[in-house]
Each structure stands twice: as C-alpha cells, then as structure tokens.
Amino acid sequence: MPHFTVVPVEDSATSNYDSLEGINWHHGLGLLFFSRDREDGHGNHKEDSPFLSSADTDRKTDFYDRNLALFEEELDIRPKVSSLLSRLVNYTNITQGAREHEEAENTETSRRKAPKSPNMGTLMGVYLPCLQNIFGVILFLRLTWIVGTAGIVQSFLIVLMCCSCTMLTAISMSAIATNGVVPAGGAYFMISRSLGAEFGGAVGICFYLGTTFAAAMYILGAIEIFLKYLVPQAAIFHASDHHGGDSAILNNMRVYGTICLSLMAVVVFVGVKYVNKLASLFLACVIISIVSIYAGAIKSVFQPPNFSICMLGNRTLVRDQFDVCSKTVLEGNVTVPSQLWRNFCSSGNMSSPQCDDYFNQNNVTEIQGIPGLASDNMWGDYLEKGQILEKAGLPSVDVHRAVESVGLYVSADITTSFTLLVGIFFPSATGIMAGSNRSGDLKDAQKSIPIGTILAITTTTLVYFSSVVLFGACIEGAVLRDKFGDAVSKNLVVGTLSWPSPWVIVIGSFFSTVGAGLQSLTGAPRLLQAIAKDNIIPFLRVFGHGKANGEPTWALLLTGLIAELGILIASLDMVAPILSMFFLMCYLFVNLACAVQTLLRTPNWRPRFKYYHWALSFLGMSMCLALMFISSWYYAIVAMCIAGMIYKYIEYQGAEKEWGDGIRGLSLSAARYSLLRLEHGPPHTKNWRPQVLVLLKLDEDLHVKYPRLLTFVSQLKAGKGLTIVGSVIQGQFLDSYGETQASEQAVKNMMEIERVKGFCQVVVASKVREGIAHLIQSCGLGGMKHNTVVMGWPYGWRQSEDPRAWKTFIHTVRCTTAAHLALMVPKNVSFYPSNHERFTEGTIDVWWIVHDGGMLMLLPFLLKQHKVWRKCKMRIFTVAQMDDNSIQMKKDLATFLYQLRIEAEVEVVEMHDSDISAYTYERTLMMEQRSQMLRQMRLSSAEREREAQLVKDRHSLIRMGSLYSDEEEEVVEPVADKIQMTWTKEKYEAERRNRNNAPENFRELMSLKPDQSNVRRMHTAVKLNEVIVNKSHDARLVLLNMPGPPRNTDGDENYMEFLEVLTEGLERVLLVRGGGREVITIYS
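- An unreviewed UniProt entry lists the protein chain under the name Solute carrier family 12 member 4, with Oncorhynchus mykiss given as the organism.
- Within the UniProt record for the protein chain, the comment given under Catalytic activity (unreviewed entry) is "K(+)(in) + chloride(in) = K(+)(out) + chloride(out)".

Written as structure tokens, this is what we have:
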C-alpha cells in the first residue's frame, strides 16, 4: 500500500521554524490535509478541519458529480479521493537546514524560483553529517591521554558505555523520527511533540545550552592546537615560573578564544551559506586526519618513527628544555656538562657540582616514544595533580625529599579518575541528531535517518575501539599520559603516530575543530529560534525574531554570550563535562519519549523503523542517567535543576499547547485506570471532600453575572478536588452551537481570572430547569462526579411578577435532594471577599440547628485553609429547646469538636417557648394575601394575554434567559402582534361581570385567615432570625442549615418567604443543605 508523507512547501523568505506544529502559512501552496490549525485568540492552535481546502473551481466541479450526490453538500470540506490524490503531487517535504536562508540572501529572482525537491540520500544527507558531528576535538586532543591514563581495558569500557548510550538513543530517535515528518528543531521537536511542551521546552533549552557549550569546547580545542602546536610564539601571557604556567595558559586561551568566537559569530551573521560551503572541507580534514592515523599505525609496525623521549631514572623529562638527552656531551675531546646538567645543577663546574639529588643518583636514558606494537598499556595509571609521569620498569633511586626542579619534569595538570574521563570523552560520542535535523532535505527521510545514523554510530564506535587499541599498543605509556606532548618536543601526541607527517593531524584537527565550532554556532541559534517561535516560554519570544531573511540575529547574540562563559572557563577538560550533562539530559528524554509512546500504543504511533522496543529505550534512559552521575554528580544535579525549573515555569506561565503528546496520553491512561478504580464504591468518610458543581448565570452579553460565586468556590476548594462550572442556554442545540462555544470560552476566562481549576460545561435545553436537571444528573465521569451543588440566590424574586425565577430555584433544590447531593447557596454573594482581600480578625459563625451529615463543621475548616479566611475564628452555635439540658449540650458539643480536631468556640442558645407574636401573624397574613392576589391576577384572561405579549416582546432581549427563570414554564397560546377583539353582546356582559367581581375578590383577600402551619413556620423563622442577628450581626460569614422545600408544591412561594425572613439583617449568609450522608468523622 503506498505511503505518503505530505507537508506544505514554504516560501523561501520564510523562517524554517515558522509554526513547527500548526501549519499556518498563508503564502504556501495550500494546507496540510492532516492538520489545518487555527488560533483561539490565546495563541493556541486548535484543529479546525482535517482535510485539504479545495479551490472554488474544484468545489463547483465536485458539486455536480452525479455519482456523489449523497455527499454533495459536504464536498467543500470533504473532498473526493481523486481530488485529494491529485493534489499530493504538489506537496513535498519541508526544506530544512540553511537552504532557505541562502536563497533569501540572493537576488529577487532566486527568491521566486520554485523550491527544489529534496534529493539527498543516506550517505550525503545523514551518514557524513553525523560523522562530521561525532568526530571532533576529543579524538585528536584527548583520546591518547584517556588511553594512557585509564589503560586499554578501562578505555574500552568508557567507549563502550558512551557509544552504547548513543546507539540506544539512536534506536529510539529512529523510531520517533520515522513516525512522521520531523521539521526544524530536531531533538527539541521530537521530544516536545512526544512528551509535551513542558518536557520539550526544558529539554530543548538543555539541548541548546549543550550545543552552545559545544561551540565553546570546539573553540577552546582550536585555540589549544593553535597556541600549543601551530604558533606557540603567539602567546601573550608567559609564566614567570613553573607555578604560574597554568594561569598564563588559561589567560591566553581566554583572549584568543574570545577573538575566535567573535570572528566565528561574524561569519555566521554575515551568511550561513559560507559555513555550509566550508562544511565539505572540514569533513575532508577529519577523514584525512583519521586515515593518516591508521596509516601511521600500520607503518609503525614495520618502521617506527623516531620520537625518542628522555627519562631521568623513571621520570619523564620535558624535551624542549634541552638539546641532548645526556648529562655530559663531548666537545672535541673534552667532556663538558650538557644543557640538561646545567638545568639541574646550580654550578656548571663538574668537579664541585651542586645538583639535584635525584639527578645525581639516577641515570639518563632515552626510549622510543613509538616502539611499534611493543607497548603495554593494558591497565590504568591515574595521577594526582602535579604528580610526575613515571615509567614502570626503569631503574630509579628514590630520594625522600621534596621534588626540586619540577618544571623540568612532565607532570599531570589535573587529578584524574575514571568518572572524570567518562565526562571528558562523552562529547566525542554526541552529534547523532545531525541526520534528523536535516529530514526535509532527504529523499526518503524515514529510510535514511535510521540507516545513516546507526551506520555512523557503528563506524565511529569501531574507529574509537580501534584507536584505543592502536594508541595503547603503538605509543609508549609515558607519552600517552603526556596530555600536551611535552615529552616529544611539544608535538601533538596523536600526530607522532600519523603518516606522512605530524602536521597532517595538527592542521586537519585545527580545521575540523573550527568547522565544528561554526556548525554549533549555526545550529544553536536556530534551535533557540524554534523554541521561541513555539511560544511556550514567554520571555524567549524576542529570540524568535531576526533579519528579513529569517536569520536568528538575537538568538545568535545570546548564543555568543553564553559561549563566552565557556570560553572564560578556558579549560577543555572543565567544559566537556558540562555539555555532557546537557546532551545526556536530551538523550534521556528521547529514550523516555520512545518508551512512553510504545507502552501507550497510541493509534498514531506507527514508526517505519521497526527494530525498537520499550525495554531498549528504558535501558538507554537508565544509561544516560547513570552516565550523568558517573561523569559529575554535581553537574548532573545542576542540569536537572535547570530542566526542572524550566519545566515548572512552562507549566505555570507558558502557553498551553495541544500537540497530541505522550504525556497527555499517559495522563489519559492514568485517569482511566484511576476512574475505573473509583467506580467500586463511594469514598470513605475520611476521604470525602466537596466535589462542586457550580451553576452559573450568564447575562445577555454572555458574561458571568456573579463572578464572586467562582471566587467563593476557589477559596473553598484551594485547588483541591473536582470543580465543574455549568450553565444553561435556552434554545435548540442545532441553532445555539456558536453561543455554546462563546459561553464556554467566557466561563473559562472567568475561571482563569478567579483561579478556579476545573472543568466547564454549558448545555442547551428548551427549558432552563430541564438543563439544570441534566447538569445535575450527567456532569462528571465515573467516580469523579460532583457531590455538592453551589447555586446563587434568585435576587428580586419578590418584585418580579414572573414566578419562574423562584420556581426554577426551588426545582433545583428538589433535584439536589432527590440526587442525594449537598447544596450550598451563598446569599448576598456580591459582598463576599475577593481573593486579594484579607480578614485580619472576625469570626465564621456556624448555626447548627439540625444535623445533616456534618457539612456545617467541615466547610469553615476548608475555608480557613485559604489566606482570605485564615485569621478568622470559628464559632459554633446550637439551639436548645425547653426540655434540653443546655449545659450538658455544651459539654457534649465541645467534646465532639475536640474529637473532630476542630478548634472552635461553642455556645448553646436557649429558645424558650413563646406565644406567636402579632408581627409574625401579620407577616404570615401579608405573605398569603400576596400569593392569593398574584394567583388571581394570573387567572385573569386579560392578564394572561398581556403577559404573553410581554414575553413575546422581551424574547429578543432575554434570549439567554436567567438560570432561575424559565420562559416556557407556562404554556402560552400564541397571540398576534396586536390584540384585536370583536365585541359581541355576550363578550360585553362577561367583561362587565368580571369588573363587578373585582370588589368581591378584594373583600375576599381582606377577610383571608392565614394557614396555621404557615404561621408556625413563620414563627420559627422570625425567632431564629432574631437570635442569629443578635449573636452574629458582626460575623464575617454565617453558615446556616437550609430548610427543605415543602412536599406540597402549592407552598413554594411561602418557602421563599421563610428563607428571606430567616436570613434578614445578615451581610453574608451561606445556606447549607447536606446530601444525606456523613462527611466528617472522629476516627483516624
């Protein structure tokens, strides 16, 4: 079955990193049929249509295709297969590297020419670039020293560990790279799209820092070759004695390194095309240098080169300090002291010499630095800093005195250990991402990347293994341990083995290190530009801009400054472990990405490369982690802290991206597993916490009417548990989808402002009360369902002639009771504190009248966890009747609170039986008269017609409706725009009778006697309100048991009046109704 890789072609003047994930170009040839993205106003990309947009002419043709008449209405968004396939030929892979930058620097005509199709094969596109990036400064400057210090066996182990790590990483990388097109950014793109923006940004920055420090390392290597072996006379600083030699070398490295870095930055700024044109030359230098090493090793077997080293006893001498390796020389027939003698002796007179004791008691011998295959360097010889290089087996007389004339011996410049050598060698195994970075230039990226990368690693590994053997077998151990070639007249140690001349290696390694430094300075700014253009780290946005042709100018400037920090360190051996940490961190997450994708088995995980396994990825990840701590545990911790801080910053501050990453898939799998486990039953009382469904009200402009409701919930939840914010739109779903999306966005924006972490759900229903019932029934999933409903109070219900507002409210109360859910109704919510306010004193008063599960005890405790309410004290009031022992009640309540571990003041309020006051009787009478009068008004036919007309006129103004009003509650007959009546004699008589009955109805209202049950309820409400206002008039918040609605719906309006009377005179009231289960316990 044919496989198509389809991506858009970008104009040459556009940056290579524009929209790595969202295909947003408006100047290309079209849109990607896999994902056409749009922005939602916050910089986030959302999938809009999964198909290619057709041209208008194509649409017309498609519409009139007789054989597809069933699909003709959708052919504009769902094109015919033939149309789709015909367009595929116009697409090609995204061109990578610096090709578009080169074209942008040319003339206008070259800009307009059609982009060439990628035609690079495995050899030129992947294999050779990887070789160029992997081989580098360590091979030429440090591998001989590593072999001499660690020995062949341990050097083999170092190479095996590092190359095994990169090989396993290459396998994982091949799987990711062949699972679709990898645009610019290489490892950053792969990790970010596999593990998410947080991991991608963190590892992308680490990879960027690693590449930047790699540039510094290559520059330091080039300067070391320049000052040590090419032009030693160019040194600016000179040591006054042997103790000042190190500081003089470091200062020279800093000065020349800064000059070299500046020149390279200028070259990269002027044009990357020059770097690309020189790349082939630099690669040729690397290959020629390696070939010369092998040729020299073969020649040394038959005819070893003459590189003799001078030994005093078993100590190695610095060769350039004298001319003849002897204590005396024969001038004519006279034996005179040699230059070596004069270096060790203060007097040139041989009859009475004042010489170094070790010099007097040991002989001077000369041995071959390259004895052929006769060297024995199987085992290591680790040295302390300042320790003199010695050769085992040579006779030596020890002198137990302080070493004199230290500057004449070859000594170790740093203390060596196995872990240090691992950190120094690992950069020579990096560079495996070069092929994946150029995927757009490849003819068949999914075939070339795995083969080329793995072959390159195999080749370099074999070269390293063979080099270890050749160096250990062909070069004398004392020379190998001589890092700078002091024993062989300041020659590059690996150069002594090369053929035909040491200068082949010196010049070749110099140009290869310069080239590698230029490549790093070219790649690092583009990587930073890719991260900046993804907009996941806000403070890096400025580095996404550059010159008109897309060159990352600002990113190059930052890269130069960071590389200068590496230059100021001035030691190749100190910089190498730093970049090892950053590369190992990057490789670790490449392996993690492959392992996560493999274990999740997401449908889109279909790599062309089949030779991968999650176990190999985990092994590679473990090796990366182990190598980090083996190399340098403190650098490893610093690198992980940097990555962790970037991760948390992106998580907290960065832009949210939906890239279909593996971490999102992992979260879904974990959520599914947890939800299935939660299904087994309700949570234990100890684990109970309010999982809140907030019923919000939107105004005509789709704005949240009472945002303080969300503020209260955020203070109650403090980021814990489940929060669902729901709202209802009245209408038909097919007609209101756009309003639904706008409403959801408005609610989400308000949730973000109020820092409420949760979910939003807006439903469309023909009646508001039905929508609320749907929300109460269906919100949540499995065990993650709400157990508490928060709703606002229907303000102004008394003044409104429309009963639908309070009827919807009471219907919601009944629904929560039927669903066994707890209910909270904050009254006067606009007076509740914002998240920026602080109560420095005051009380939260709980009026515990009836027990309904302990919600009243738990809620103040949860509120006090928030900084707004933290300083408030908690008081609990309970009501004692005549037959209750109030003193014993207070003791029992205090004991109960002690066992609950809740600190609160306790007070028992005694309510004596009293006669029903005239005020209570009169208030009940007024309530019932009002209800009766409104009921009669609603029964009037003329009133009913006017009400219908009012509803019709107001329909356009209150399209959204109120959460607590229901425009379709009463069945209203449709009426004409203007009511026209034809008066007959019968109608006239009926209207006159209605008018005559009006005084009778009024007399009936005046003679009405209140219902006794209503009087009793009003009496309770009035008495309780008096007590509560007396005790809690200055409380910051009053929590109160909410009475249930009457079983008989005829008394609904009276129920609202009772609640009003109960809460009169209180600034902030929270009415609480339990869900019918215990939510707090005294047991541990």
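1. Notes on the overall build of the protein chain
Reasoning step 1: Tallying secondary structure elements over the protein chain gives 35 helices and 17 strands in all.
Reasoning step 2: Nonlocal contacts in the protein chain, meaning residues at least 24 apart in sequence, comprise 81% of its contacts between residues at least 6 apart.

2. Side note on the packing of helix α5 (residues 122-134) against helix α16 (residues 445-474)
Reasoning step 1: At a minimum axis separation of 8 Å, α5 and α16 run at an interaxial angle of 35 degrees. Along this stretch, α5 crosses α16, giving a crossing that reads as right-handed. Side by side, α5 and α16 meet where Thr122, Val126, Tyr127, Cys130, Leu131 and Ile134 of the first sit next to Ser448, Ile449, Ile451, Gly452, Thr453, Leu455, Ala456, Ile457, Thr459, Thr460 and Tyr464 of the second.
Reasoning step 2: Classifying every residue of the contact of α5 with α16 gives eleven nonpolar, six polar and no charged.

3. Some words on the sheet that holds strand β16 (residues 1037-1041)
Reasoning step 1: Spatially, the ten strands line up as an open sheet ordered β10-β9-β8-β11-β12-β17-β16-β13-β14-β15, and their pairing is mixed. The sheet terminates laterally at β10 (759-765) and β15 (905-910), the two strands that pair on one side only. Each neighbouring strand pair of the sheet contributes to a mean axis angle of 20 degrees, computed without reference to strand direction.
Reasoning step 2: Strand direction decides the pairing type here: strand β11 (residues 788-791) and strand β12 (residues 822-827), joined by three bridges, are parallel.

4. Some remarks on the sheet that holds strand β3 (residues 308-312)
Reasoning step 1: A sheet is described by the order of its strands in space; here three strands give the open sequence β4-β3-β7, paired in antiparallel fashion. Each edge of the open sheet is held by one strand with a lone partner, namely β4 (315-316) and β7 (364-368).
Reasoning step 2: Pairing of β3 with β7, which is carried by five bridges, proceeds in the antiparallel orientation. Along β7, the bridge assignment pairs Ile309 with Ile367.

5. Some points on the state of the cysteines
Reasoning step 1: Taken as a whole and assessed by the stated rule, the structure comprises two disulfides.
Reasoning step 2: One disulfide bridge connects Cys310 with Cys325, the sulfur atoms lying 1.9 Å from each other. An S-S torsion of about 85 degrees defines the bridge between Cys310 and Cys325 as right-handed. With Cys310 in strand β3 and Cys325 in the loop between β4 and β5 (328-331), this residue pair connects regions lying 15 residues apart in the sequence. For the pair shown, Cys310 and Cys325 are each scored as buried.
Reasoning step 3: For Cys345, the disulfide goes to Cys355, at an S-S distance of 1.7 Å.

6. Concerning a nonpolar patch on the surface
Reasoning step 1: On the surface, a nonpolar cluster with roughly 590 Å² of combined accessible area is contributed by Leu625, Phe629, Trp633, Tyr634, Ile637 and Met640.
Reasoning step 2: Of all elements in the fold, only α22 (614-631) and α23 (633-653) reach the threshold of two or more residues within the nonpolar patch.
Reasoning step 3: Top contributing element to the nonpolar patch by residue count: α23, with four residues.
Reasoning step 4: Its place among the elements puts Tyr634 in helix α23.
Reasoning step 5: In this structure Tyr634 comes out as partly exposed when scored by relative accessible area, which is 46%.

7. Concerning the UniProt feature "transmembrane region" (unreviewed entry) in the protein chain
Reasoning step 1: With numbering aligned to this structure, UniProt lists the feature "transmembrane region" (unreviewed entry) at residues 199-220, 255-272, 279-298, 414-434, 454-480, 500-518, 578-600 and 612-636.
Reasoning step 2: Helix makes up 94% of residues 255-272 and strand 0%. Its end C-alpha atoms lie 25 Å apart.
Reasoning step 3: In residues 578-600, helix accounts for 100% and strand for 0%; the two terminal C-alpha atoms are 34 Å from one another.

8. Brief notes about the confidence of the model for the protein chain
Reasoning step 1: With 73% of its residues at a pLDDT of 70 or more, the protein chain shows a mean pLDDT of 77.
Reasoning step 2: Within the protein chain, strand β2 (residues 45-49) has the poorest average pLDDT of any element, 41, and α22 the best, 94.
Reasoning step 3: Segment residues 1-64: pLDDT under 50, and 145 contacts once partners within four positions in sequence are set aside and those in other chains are kept.
Reasoning step 4: Confidence over residues 88-115 falls short of pLDDT 50; this stretch has 78 contacts with residues more than four positions distant or in other chains.

9. Digging into the packing of aromatic side chains
Reasoning step 1: Scanning all chains against the criterion turns up 28 aromatic pairs.
Reasoning step 2: Look at Phe226 and Tyr256: their rings are 5.9 Å apart centre to centre, the planes differ by 50 degrees, and that puts the pair in the tilted class. Here Tyr256 lies in helix α10 (residues 245-270) and Phe226 lies in helix α9 (residues 197-230), a separation of 30 residues in the sequence.
Reasoning step 3: Under the relative-accessibility criterion, Phe226 is labelled partly exposed at 23%.
Reasoning step 4: Their ring planes at 75 degrees and their centres at 5.8 Å tell us that Phe609 and Tyr611 sit as a pair that is edge-to-face.
Reasoning step 5: Of the residues examined, Tyr611 reaches a relative accessible area of 66% and is grouped as exposed.
Reasoning step 6: Directly above the ring of Trp145 sits Lys483, whose terminal nitrogen or CZ lies 4.2 Å from the centroid.

10. A look at helix α27 (residues 768-778)
Reasoning step 1: Those residues of α27 lying buried are Val768, Arg769, Gly771, Ile772, Ala773, Leu775 and Ile776.
Reasoning step 2: Against β8 (692-695), β9 (723-730), β10 and α28 (804-818) lie the buried residues of α27.
Reasoning step 3: Backbone geometry just after α27 places Gly780 at a positive phi near 90 degrees.

11. Comments concerning the pairing of strand β13 (residues 843-848)
Reasoning step 1: Burial of β13 is extensive: six of the six residues sit out of reach of the surface.
Reasoning step 2: Of the pairings in the sheet, the one linking β13 to strand β14 (residues 873-880) comprises six bridges and is parallel in character. Of the residues in β14, the one forming a bridge with Val846 is Ile876.
Reasoning step 3: Of the crossover connections in this fold, the one passing from β13 over helix α29 (residues 855-863) to the parallel β14 is right-handed.
Reasoning step 4: Strand direction decides the pairing type here: β13 and β16, joined by four bridges, are parallel. Bridged to Ile844 within β16 is Leu1037.

12. Here we look at the side chain of Asp486
Reasoning step 1: Mapping Asp486 onto the fold places it in the loop between α17 (477-480) and α18 (493-497).
Reasoning step 2: Residue Asp486 is classed as buried on the basis of its relative accessible area of 15%.
Reasoning step 3: Leave out the neighbours within four places in its chain, and Asp486 touches Leu317, Val318, Arg319, Asp320 and Val410.

13. Brief notes about the nonpolar core
Reasoning step 1: Membership of the largest hydrophobic core comes to 168 residues, with the highest contact counts inside it found for Met217, Phe425, Met433, Tyr464, Phe471 and Phe589.
Reasoning step 2: Looking at this core, the element that brings in the most residues is α9, giving 22 residues.
Reasoning step 3: Formed by 52 residues, the second largest nonpolar core is a distinct cluster that contains Val704, Met824, Trp848 and Leu856.

14. Here we look at the pairing of β16
Reasoning step 1: Of all the five residues making up β16, five are buried; the element is thus mostly covered by neighbouring parts of the structure.
Reasoning step 2: What you see with β16 is no split at all: Leu1037, Leu1039 and Asn1041 on one side and Val1038 and Leu1040 on the other are buried throughout.
Reasoning step 3: Where β16 and strand β17 (residues 1069-1073) come together, four bridges link them in parallel fashion. Its bridge partner lying in β17, Val1038 is registered against Val1069.

15. A closer look at a positive patch on the surface
Reasoning step 1: Taken together, the side chains of Arg755, Arg838, Lys867, Arg870 and Lys871 present a region of like positive charge at the surface.
Reasoning step 2: Along the chain, Lys867 turns up in the loop between α29 and β14.

16. Some thoughts on the pattern of salt bridges
Reasoning step 1: Within this structure, the stated rule accounts for 13 salt bridges.
Reasoning step 2: Of the charged contacts in the structure, one is a salt bridge between Asp573 and Arg142, with a shortest N-O distance of 2.8 Å. Here Asp573 is found in helix α21 (residues 572-600), whereas its partner Arg142 is found in the loop between α6 (137-141) and α7 (143-177), with 431 residues between them in sequence.
Reasoning step 3: A relative accessible area of 2% places Arg142 in the buried class.
Reasoning step 4: Of the charged contacts in the structure, one is a salt bridge between Lys490 and Asp486, with a shortest N-O distance of 2.6 Å.
Reasoning step 5: When its relative accessible area of 30% is taken as the criterion, Lys490 is described as partly exposed.

17. Focus on helix α25 (residues 708-717)
Reasoning step 1: Of all ten residues in α25, nine are buried, a share of seventy percent or more.
Reasoning step 2: What α25 keeps buried is the set Leu709, Leu710, Thr711, Phe712, Val713, Ser714, Gln715, Leu716 and Lys717.

18. A few points about the packing of α21 against α22
Two numbers describe a pair of packed helices, the interaxial angle and the distance between the axes.
Reasoning step 1: Interhelical geometry of α21 versus α22 gives an angle of 160 degrees and a closest axis separation of 8 Å. Taken together, the axis directions place α21 and α22 in an arrangement best described as roughly antiparallel. The chirality of how α21 crosses α22 is left-handed. Facing Met581, Leu584, Met585, Tyr587, Leu588, Asn591, Leu592, Cys594, Ala595, Thr598 and Leu599 of α21, the residues of α22 in contact are Trp614, Ser617, Phe618, Gly620, Met621, Cys624, Leu625, Leu627, Met628 and Ser631.
Reasoning step 2: For the contact of α21 with α22, the per-class residue count stands at 16 nonpolar, five polar and no charged.

Definitions and cut-offs
Each chain carries its own residue numbering, running from 1 in the direction its sequence is written. Totals for whole chains, interfaces and linings use every residue, but because this is a predicted model, local features are given only for residues with pLDDT of at least 70 and side-chain atom pairs only at 80 or more, for both listing and counting. To obtain the side-chain values, all non-hydrogen atoms of the structure were included, while hydrogens and water were left out. UniProt positions are given in the numbering used here, feature names are shortened, and annotations may be inferred rather than shown by experiment. A helix here means a DSSP run of H or I that spans at least four residues, while a strand means a run of E at least two residues long, and both kinds are numbered starting from the N terminus. For this analysis, residues touch if any pair of their heavy atoms sits within 4.5 Å. Throughout, an axis means a line fitted to C-alpha atoms (over the contacting stretch in the case of helices), and angles, computed between N-to-C directions, take values from 0 to 180 degrees. Crossings are classed by handedness, with left-handed meaning an anticlockwise turn of the near helix from the far one by less than a right angle and right-handed meaning a clockwise turn. Charged means Asp, Glu, Lys or Arg here, nonpolar means Ala, Val, Leu, Ile, Met, Phe, Trp, Tyr, Cys or Pro, and polar covers whatever is left, Gly included. Two strands pair if DSSP finds at least two bridges between them. Throughout, a disulfide means two cysteine sulfur atoms within 2.5 Å of one another. Only protein chains enter the accessibility calculation, which uses a 1.4 Å probe; a residue is then buried when its area is under 20% of its type maximum, exposed when over 50%, and partly exposed in between. What makes a patch is a set of residues exposed beyond 30% relative accessible area and free of salt bridges, joined within 9 Å when like-charged and within 5 Å when nonpolar (Val, Leu, Ile, Met, Phe, Trp, Tyr). With residues, only the protein chains shown are counted as cover, and all accessible areas are computed by Shrake-Rupley using a 1.4 Å probe. Whenever Lys or Arg places a side-chain nitrogen within 4 Å of a carboxyl oxygen from Asp or Glu, that contact is recorded as a salt bridge. pLDDT: the predictor's confidence for each residue, scored from 0 to 100. Pairs were defined over the aromatic rings of Phe, Tyr and Trp, the Trp ring being its six-membered one, requiring ring centres within 6.5 Å. Orientation was assigned from the angle between planes: stacked under 30 degrees, edge-to-face over 60, tilted for the rest. Two thresholds decide whether a charge sits over a ring: the Lys NZ or Arg CZ must be within 6 Å of the ring centre and within 35 degrees of the ring normal. By convention a crossover is right-handed if, when the strands point away from the viewer, the path from the first strand over the helix to the second runs clockwise. By nonpolar core we mean a set of buried residues, namely Ala, Val, Leu, Ile, Met, Phe, Trp, Tyr and Cys, connected to one another through side-chain atoms within 4.5 Å. His is not counted, nor are the chain ends; Lys and Arg add positive charge and Asp and Glu add negative charge. A charge is said to be at NZ when it belongs to Lys, at CZ for Arg, at CG for Asp and at CD for Glu. Should an angle lie under 35 degrees it is considered roughly parallel, over 145 roughly antiparallel, and from 65 to 115 roughly perpendicular; all remaining angles are considered oblique.

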